[in-house]
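Each chain is listed here by its residues.
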Amino acid sequence: MARIFGTDGVRGLANRDVTAEIALDLAVAAAHVLGQRGVFSGHRPKAVVGRDPRASGEFLSAAVCAGLASAGVDVIDVGVVPTPAVAYLTHSMDVDLGVMLSASHNPMEDNGIKFFDRSGYKLADEVEDQIEARLRADWDRPTGADVGRMTQDYTAVWRYVDFLVSTVPYRLDGLKVVVDSANGAASEVGPEALRRAGAEVVVIGSYPDGININSGYGATHPRRMAAATVGHWAHAGVSFDGDADRCIAADEDGNIVDGDQIMGILAQAHAERGTLTNGTLVTTVMSNLGLKLAMQKSGIRTVETAVGDRYVLEEMRRSGYSVGGEQSGHVLLTDYATTGDGTLTALHLLSRLAETKKTMSELASAIGRLPQSLVNVKGVDKTRASSDSDVLAAVAEAEVLLGETGRVLLRPSGTESLVRVMVEAATQEQADTVAESLADVVRVRLAL
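Residues numbered from 1 in each chain as written. Predicted model: local features only at pLDDT ≥ 70, side-chain atom pairs only at ≥ 80, totals over all residues. Heavy atoms only, no water.

Under an unreviewed UniProt entry, the name given to the protein chain is Phosphoglucosamine mutase, and the source organism is Sanguibacter inulinus. For the record of the protein chain, the UniProt heading Catalytic activity (unreviewed entry) holds the text "alpha-D-glucosamine 1-phosphate = D-glucosamine 6-phosphate". Listed in UniProt under the heading Function (unreviewed entry), the comment for the protein chain reads: "Catalyzes the conversion of glucosamine-6-phosphate to glucosamine-1-phosphate." (UniProt positions renumbered as here; feature names shortened; annotations may be inferred.)

Encoded structure:
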C-alpha cells in the first residue's frame, strides 16, 4: 500500500481520499504512537487543533478532535488559524501535539492533516511511519474520567500575532502595503499583524467563505496582488497561500518578488547584522541560479537540498543555519519559527524595506534571475519520471543544448499527481521552448 504521508503530511481530495474516518483513525494512531514513545509520560496529554477555512475542515477537524479525545487526549480547538500558528501555539502552550487541517495552496476541494511535535516541528518520517503502522489496530479504550476533554480557545491566535510583531527588527511606520491572504487562514491575522507593526494595509483576498480559498488570490495567483499594489500606489504587496506558510511579494511597479528574491534580501540583512549563521543560506535545487550568483557576490554561501520545506528545515536544524527556504515562498527563519511562516516573512521583508529606505524594486534587483520556465504536467505517472529512457534522453539532449548557460530539472510533485518541468536558460524564449518540448515528452511517455 502506498504511504499515506507525503512530503507535507496527509493530503488529497476531501471526503474521498481524506475522509472523516481516516482523520479520526490517524488521530487515534498518533495518540498511541506518541504515548508509546513516552511523550505523555507523567501527565495528562494535551493537543492543539487548528484548521484553514475550507468547508471540509469543519468535519475533518471535528473528527480529529473526536479521535484524540477518545484516546484520552485533552484537545484545545483554536479554530481557523495559519499552519505556523499551530506550530507556535503547540510549543508556547506547552502541549504534546499539534494538528493542522489544511491543504495549503491546493484547491478548495482538497484537504490535509499535518502533525507537530511539542517543540512545534513537523513529526519525523519515522514517527509518521509508526502512525501509519498503528492505523486501525486494536486498542483498549479509556472510559470515565480518562477520556479526553475538548475546549475551544479562539483567542489563542492573537498571542501568536503578538509574538510575530515582537520579532520585527524595524517598524513599518510610513509603509503602505497590499495584503492578499488567498481567502485563507491568515485573512484576519495577516493584515492585523502588519497593522500592529505600523503599516497602512490595503486588504484583498481576505474574505473567506469556506469555498473561495486559493481561488484566483494568494501566493499561487500573485498578479492580482501585484496589480492592486500599483493601483493603490503602495510601497509593496504581499500574498500568502491558503494556510499562510508561504509569502510572495510585489514591488511598487507590480513586479513579482518570489521566494528566491525574498530569501536573498533577508540573507543579506542577516549577514549585515551578523546573524546569518556560518554565512550560509539554505535553498533547494529549484532555486534560480541567479540567487546563488547574487549570494556569492555578497559573500554568502549557499547549500542546496531536495525540494520541500521539510528538507530545508532538516538541513538548517542539522547545521544550525538561520535562513533558508524555497522559490515558492516557504521561507524559514529559525531564530523565530519552527516552520515556514508567510506573515513572519512579510513582516521581516517589509522591515528591511523600511530600514534601508530603498524601494522594493531596488532590494529585489540585487538578487539576479536567469530566465526560467516551469511547466506542471498533470495526469501522468510521476513515479516513472526518473526512470523512463525517452524522458531521460530528452533531458540529456536539453542539457547539451543549454550548456553552461542554463539547467534542467524534472521533479515529481510530493503533494500532487504531476511532474514539474523546470528550465533555466540565457533567454526567456529558449527557456519556454525547451520546457514545453520536455513537457510534451513527459505527457506522451508517462501518460496514465
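From this point, the narrative continues.
I'd love a proper account of the UniProt feature "modified residue: Phosphoserine" (unreviewed entry) in the protein chain, names of residues and values included.
UniProt records the feature "modified residue: Phosphoserine" (unreviewed entry) for S104 in the present numbering. Relative to the helices and strands, S104 resides in the loop between β4 (97–101) and β5 (110–117). Beyond its immediate stretch of four places on either side in the chain, S104 contacts R11, D52, R54, K114, N214, D241, G242, D243 and D245. (Helix = DSSP H or I, 4+ residues; strand = E, 2+ residues; numbered from the N terminus. Contact = heavy atoms within 4.5 Å.)

Any details on the sheet that holds strand β17 (residues 407–412)? Residues and values, ideally.
The strand order across the open sheet formed by three strands is β16-β18-β17, and the pairing between neighbours is antiparallel. In the strand order of this sheet, the two ends are held by β16 (372–378) and β17, each with one partner. Sheet twist, expressed as the mean angle between neighbouring strand axes with direction ignored, is 15°. Where β17 lies against strand β18 (residues 418–424), six bridges are found, and the strand directions are antiparallel. Bridge assignment links R411 to a residue of β18, and that residue is R420. (Pairing = 2+ DSSP bridges. Axes fitted to C-alpha atoms, helices over the stretch in contact; angles between N-to-C directions.)

I'd like a rundown of the domain arrangement of the protein chain, residues and numbers included.
For an interface, size is often stated in terms of accessible area lost upon the parts coming together. Each domain of the protein chain was delimited in the assignment, giving domain 1 (10–153), domain 2 (159–366) and domain 3 (372–446). Using C-alpha coordinates to define each centre, domain 1 is positioned 37 Å away from domain 3. (Domains from an automatic or database assignment.)

Tell me about the sheet that holds strand β6 (residues 150–152), and name the residues and values.
In sheet architecture, strand pairing relies on hydrogen bonds along the backbone and comes in two forms, parallel and antiparallel. Spatially, six strands are ordered β1-β5-β4-β2-β3-β6 in an open sheet, and the strand pairing comes out mixed. Here the strands that pair on one side only, and so sit at the sheet edges, are β1 (10–13) and β6. Taken over all neighbouring pairs, the strand axes of this sheet differ in orientation by 20° on average, direction set aside. Contacts from helix α1 (residues 20–36) reach β1, β4 and β5, with the element oriented near 10° to β5.

I'd like a rundown of the pattern of salt bridges, residues and numbers included.
For the coordinates displayed, the defined rule picks out 32 salt bridges. E126 is paired through a salt bridge with R37; the nearest N and O atoms lie 3.7 Å apart. Highlighted residues: E126 in helix α4 (residues 125–134) and R37 in the loop between α1 and β2 (46–51), separated in sequence by 89 residues. You can call E126 partly exposed: its relative accessible area is 47%. Between R196 and E192 there is a salt bridge whose closest N-O contact spans 3.0 Å. Taken together, the residues span about one helical turn, with R196 and E192 both in helix α6 (residues 189–196) at a distance of four residues. For R196, a relative accessible area of 32% corresponds to the partly exposed category. For E192, a relative accessible area of 24% gives the class partly exposed. If you follow the salt bridges from partner to partner, you end up with D8, R11, K114, K122, D243, D245 and D309 in one network. (Salt bridge = Lys/Arg side-chain N within 4 Å of Asp/Glu carboxyl O. Buried < 20%, exposed > 50% of the residue type's maximum accessible area, 1.4 Å probe, protein only.)

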